[in-house]
Amino acid sequence: MTLSRSVLYGFVALVLVWLMIPVVIIVPMSFSDSRFLAFPPPAWSLRWYEAYLGNAAWMQATRVSLIVAVASAVIATVLGTAAAYALNMTSSRLVRNLQVILFLPLVVPIVITAVSIFFVYANVGLLATMTGLILANVMLGLPYVVTAVLVGLRKFDPAQEMVSRSLGMNRFRTFFIVTLPQIRPSVISGTLFAFISALDETVVALFISGGEYQTLTKRMFTALRDEIDPTIAAISSLLTATSFILVMLLSLNARTGGKK
Amino acid sequence: MRMKFTTVALLSSVAMLAAGAVQAQQITFVSQGGAYQEAQTKAILNPVAELLGITIRQDSSPDAWPVIRTQAATGKPIWDVIDTPTKDCIRGGEQGFIEKLDFAQIPNASDLPDDYKSPYSVAYEFYSSVLAYNKDKYGDKPPQGWADFWDVEKFPGTRALRNHPLATLEAALIADGVPRDKLYPLDVDRAFRKLGEIKPHITVWWTSGAQSAQLLADGEADLVMAWNGRVAAVEKEGAPVGYTFNDGLLQFTSLCILKNAPNPDTAVKFVNAALTPEIQANFPTYIDYGPANPAAYDTGKISPERAAQLPSSPANAAVQALVSEEWWSSPEGEEAQRRWASFIQR
Amino acid sequence: MAVSHTGPEILHERREQRLTLLLLAPALAIVICLLVLPLLWLAWQSIRADGGFTLVNYQRFLTDDIYLISFLQTFRIAIIVTVVTLLLGYPVAYAASMAPRHWSVLILAAVVLPFWTSVLVRAYAWLILLQRRGLVNSALMDMGLIDSPLLLVNNEFGTVLATIHILLPFMVLPLYATMQKIPRELTMAGSSLGGSPVFVFTRVFLPLSMPGVIAGMVLVFVLTLGFYITPELLGGGRTFMVSMLVSRNIEIYHEWGAASSISVVLLLSVFLIFRLSTKLVPFERIMGTR
């Protein structure tokens, strides 16, 4: 028993280490002095951080990506939570089957999604616009939010809503005062997934973003065709660090919120 | 005080508008971006702007062709002059997106050989697909041309070619014994047959210039067909990499003007000025690509040592083959490109 | 005053239904406009040419062998990736569901951590590590395990490895969700009745975890079918997945007809897989909402 246990945990540890490897080696690569991506780096320097932070085009792309990721995560959270709430309370089979549509963005191969969005945008003039980017990422984020919130709602005891409504509160107040605080961790995890998916989204951005409104990933992809240098490692390290801090803050918030 | 400031601002903006109306000469120039566009901004665009007293607005597009088509479709393009693979100028001209050039107004173009011109385009700068190799691996017996690239007995090692038929088919034919000046029209079947021989020995079919440089710098591939500027950059970083212009496939990008361009007259003036020998001779100061105007080599601005590193210098051009963009934009060329994908995957 | 009792109730129910639709509408509208309608247009496009009906775009599947090659390679990669992620992911999810709470949180955190690093950048990290003179090959050679460097990247192997790395969380999370719900009492009852650990695992735990297994497999398989960035960067030009075929047809050849017929066939395969799997496990379970 103990032997099989230790074999199991040993194997799991190996898998987890393997998962971490690329994430971990990117940080030292970003401090490299070499013009090419190399590991281990031959010498150390901050030049790739300077190359990134001192370049107006990179900064503009970063701004675009952050605005798109935050805006689309927030909008997807609102729309996705509303949709999940509706799906949860309905007794109609037909309506429940509609949820298949909401999961399409996750299961349709991303290139096909990109082609679809490109086609729509080319016809309505949303190519290379901020609105277009945000809308597309709202759609891609919806499945994550709906999934997370539905899971939260399923754990939530509907009797609590009944009680509060029998006390005379209307549906909206009940939702915000009784339901939302309890499903908050689910909503936050949905938001986070929508945020990451928007920040990391590359394929759709390749098709629909351009000009002034290029996302960071699109710029990285085209820059990599031009030069494979450690700038992308520097960008990635900074982004990982930023998101990490964000998650820490949010999970701290979620925990204290839950205790209250 | 506040009133006064507004008045001043108003007046000065009116003045600026008036000045703008006088100095209306401007064009939008499009190139392929990155280090290449930065280099030519210093080498060509700034001197030309000064020479003509015009404003050059820049845009960049690594693959201009779809954009050209889209702009042409609207009938009101926003670009004037593009620096793009010659093929796009020619097929664009044939499909009515690109204006015919009036060479009477481009006197500087008379320095260029006829091969460098088409009714729609004129050569702008040269690069070459050369054979690059790992110096550590081959020591004092480096490969000399495509026949050596194909010789896996004499030159063992990993190989990389571009995942694109242009220049690659030519290399295969040269390796198969076709003389450099008798390549066209390409014998496509023969080229693919010859490529089939080397295919099992190719470790990477690269898709971007950056990738070919990384392959050389990391020693991932010992023999690589790569663009000369890329190889030179890797060499400068101290990697043990060498290359030869022998059997190199000389290519050039061209300048062409969009049909219904917003500033057609200034565009023609720009094209002529960009071909000025003295200005063309600035290219090698900033990047390892060669001037298109051979007269640039007579200006004294390019040292003999530097000329030896440039693809278009007379001595180097003599040992290379000039890629025919005209053939590649012909139906046979388009068909060869279609055949490529199934060749690679099979 | 003889108002029947059902009156207000029906009214109430209608109001409920209207509210439900109202809440669903914005999300549905976005997906329908940006995805459902253009997909229908793509399907329409694939059978149209010069204003008439045509099957020419589908005939290419029989005449142009690049289509077949690409689909076969894509499905082969998807099968390999699905099987390996299951083999790697099952023990991880099992350990997370069995371990004490703080350990399981840690394991799950480690599983989702790579999400925070861009897929693009991770691809390059693998490229650097796995190339001929990369860390892995030099370590293996230093240990004397191999004489000459192995080809670990710029081929299908590299593509598969990086794809597994990206998709492993999509296997572990549904597995964990299912395993967590398996009552401990059941496995304990199995052991107290004298079942060996192997017996308890194969007869009690494994069957109960099957919904998670199927959910994870379907998700990973379907997501692999759509992979684009990873094979493009790590395939060395020889790995040619269906997504690349679609994008080449649009970006290089501007052939919407060809691209749309490929998309339609790929989409139908995806839907077919879902249809078959929902016979075994409800859709909501695959998506992890139940």
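Just so we're clear, the structure is a prediction, and the values are computed from it rather than from any experiment.

Caption draft 1: Geometry of the overall build of chain A. What chain A contains, in helices and strands, is 12 helices and zero strands. Starting at the N terminus and walking to the C terminus, you meet the elements of chain A as α-α-α-α-α-α-α-α-α-α-α-α. For chain A, restricting intrachain contacts to residue pairs at least 6 apart in sequence, the fraction spanning at least 24 positions comes to 75%.

Caption draft 2: The arrangement of the UniProt feature "transmembrane region" (unreviewed entry) in chain A in detail. Residues and elements named next belong to chain A. Feature annotation in UniProt assigns "transmembrane region" (unreviewed entry) to the following positions: residues 7-31, 64-88, 100-122, 134-153, 174-196 and 232-252. Between the end C-alpha atoms of residues 100-122 there is a gap of 27 Å, over a span that is 91% helix and 0% strand. Span residues 174-196 is 100% helix and 0% strand, its end C-alpha atoms 30 Å apart.

Caption draft 3: Region of the structure containing the UniProt feature "transmembrane region" (unreviewed entry) in chain C. Using the residue numbers shown here, the UniProt feature "transmembrane region" (unreviewed entry) corresponds to residues 21-47, 67-93, 105-129, 157-176, 188-206, 212-231 and 252-274 of chain C. As annotated, residues 67-93 of chain C comprises 100% helix and 0% strand, and the C-alpha atoms at either end are separated by 37 Å.

Caption draft 4: View of the nonpolar core. Counting 264 residues, the largest nonpolar core has A:Ala83, B:Leu216 and B:Val271 as the members making the most contacts within it. Per-element tally for this core: the top contributor is helix α7 (residues 130-155) of chain A, with 16 residues. Taken domain by domain, the makeup of this core includes at least three residues from each of domain 1 (25-126 + 252-321) and domain 2 (128-249 + 324-345) of chain B.

Caption draft 5: Geometry of the interface of chain C and chain A. Contacts between chain C and chain A engage 64 residues on the former and 67 residues on the latter. Looking at the side of chain C that touches chain A, the elements with two or more residues in it are α1 (6-46), α3 (65-98), α4 (101-112), α5 (119-130), α7 (156-180), α9 (197-225), α11 (242-251) and α12 (256-280) of chain C. Per-element accounting of the side of chain C that touches chain A gives the leading share, 18 residues, to α1(C).

Caption draft 6: Examining the pairing of strand β1 (residues 26-31) of chain B more closely. All names here are of chain B. The buried fraction of β1 amounts to five of the six residues, a majority that puts the element mostly inside the structure. For β1 and strand β3 (residues 81-85), the ladder comprises two bridges, and the chain directions are parallel. When the sheet's bridge partners are listed, Val30 is paired in β3 with Ile82.

Caption draft 7: Structural view of the UniProt feature "domain: ABC transmembrane type-1" (unreviewed entry) in chain A. The feature "domain: ABC transmembrane type-1" (unreviewed entry), as annotated in UniProt, sits at residues 62-250 of chain A in this numbering. For residues 62-250 of chain A, the helix share is 84%, the strand share is 0%, and the end-to-end C-alpha distance is 22 Å.

Caption draft 8: Structural context of the interface of chain C and chain B. Contacts between the two partners involve 13 residues from chain C, matched on the other side by 14 residues from chain B. Considered class by class, the residues forming the side of chain C that touches chain B number four nonpolar, five polar and four charged.

Caption draft 9: Spatial organisation of helix α10 (residues 228-236) of chain B. All names here are of chain B. Counting buried residues in α10 gives seven out of nine residues, a clear majority hidden from the surface. Taken residue by residue, α10 has Asn228, Gly229, Arg230, Val231, Ala232, Ala233 and Val234 as its buried positions. Elements that come into contact with the buried residues of α10 comprise β5 (121-134), α9 (209-217), β8 (223-227) and β9 (241-257). At the exit of α10 stands Gly238, carrying a positive phi of roughly 95°.

Caption draft 10: Molecular detail of unusual backbone geometry. Cis geometry is adopted by the peptide bond preceding A:Pro40, which originates at A:Phe39 and carries an omega value of -5°. Across the junction of B:Tyr184 and B:Pro185, the peptide omega takes the value -5°, indicating a cis bond. Residue placement: B:Pro185 occurs in the loop between α7 (168-175) and α8 (188-198). Residue A:Ala128 is not a glycine yet carries a positive backbone phi of 55°. The residue B:Asn260 is not glycine, and still its phi comes out positive at about 60°. Looking at the element boundaries, B:Asn260 is found in the loop between β9 and α11 (264-274). The class of B:Asn260 is partly exposed, set by 14 C-beta atoms lying within 10 Å.

Caption draft 11: Inspection of the pairing of β9(B) at higher detail. All names here are of chain B. A large share of β9 lies buried, amounting to 14 of its 17 residues. Looking at chain direction, β3 and β9 are connected through five bridges and run antiparallel. Of the residues in β9, the one forming a bridge with Thr84 is Ser254. As defined by bridge partners, β5 adjoins β9 across 11 bridges and the pair is classed as antiparallel. Directly across from Leu131, in β9, lies its bridge partner Thr244.

Definitions and cut-offs
Each chain has its residues counted from 1, following the order in which its sequence is written. Following the order in which they are written, the chains are lettered starting with A and the ligands numbered starting with 1. Only residues with pLDDT of at least 70 get local features here, since the model is predicted, and only at 80 or more are side-chain atom pairs given and counted; chain-wide, interface and lining totals rely on the full set of residues. By definition, any uninterrupted DSSP run of H or I lasting at least four residues is a helix, any uninterrupted run of E lasting at least two residues is a strand, and each is numbered from the N terminus. Our contact criterion uses C-beta atoms placed from the backbone: two residues qualify when those atoms are within 7 Å. UniProt positions are given in the numbering used here, feature names are shortened, and annotations may be inferred rather than shown by experiment. For this entry, the nonpolar core is defined as buried Ala, Val, Leu, Ile, Met, Phe, Trp, Tyr and Cys residues connected by C-beta atoms within 7 Å. As a rule, residues whose C-beta atom has 12 or fewer other C-beta atoms within 10 Å are exposed, those with 20 or more are buried, and those in between are partly exposed; C-beta atoms are placed from the backbone. Source of the domain bounds: an automatic or database domain assignment. By the convention used here, strands pair only if DSSP detects at least 2 bridges between them. Residues are grouped as follows: nonpolar covers Ala, Val, Leu, Ile, Met, Phe, Trp, Tyr, Cys and Pro; charged covers Asp, Glu, Lys and Arg; every other residue, Gly included, is treated as polar.

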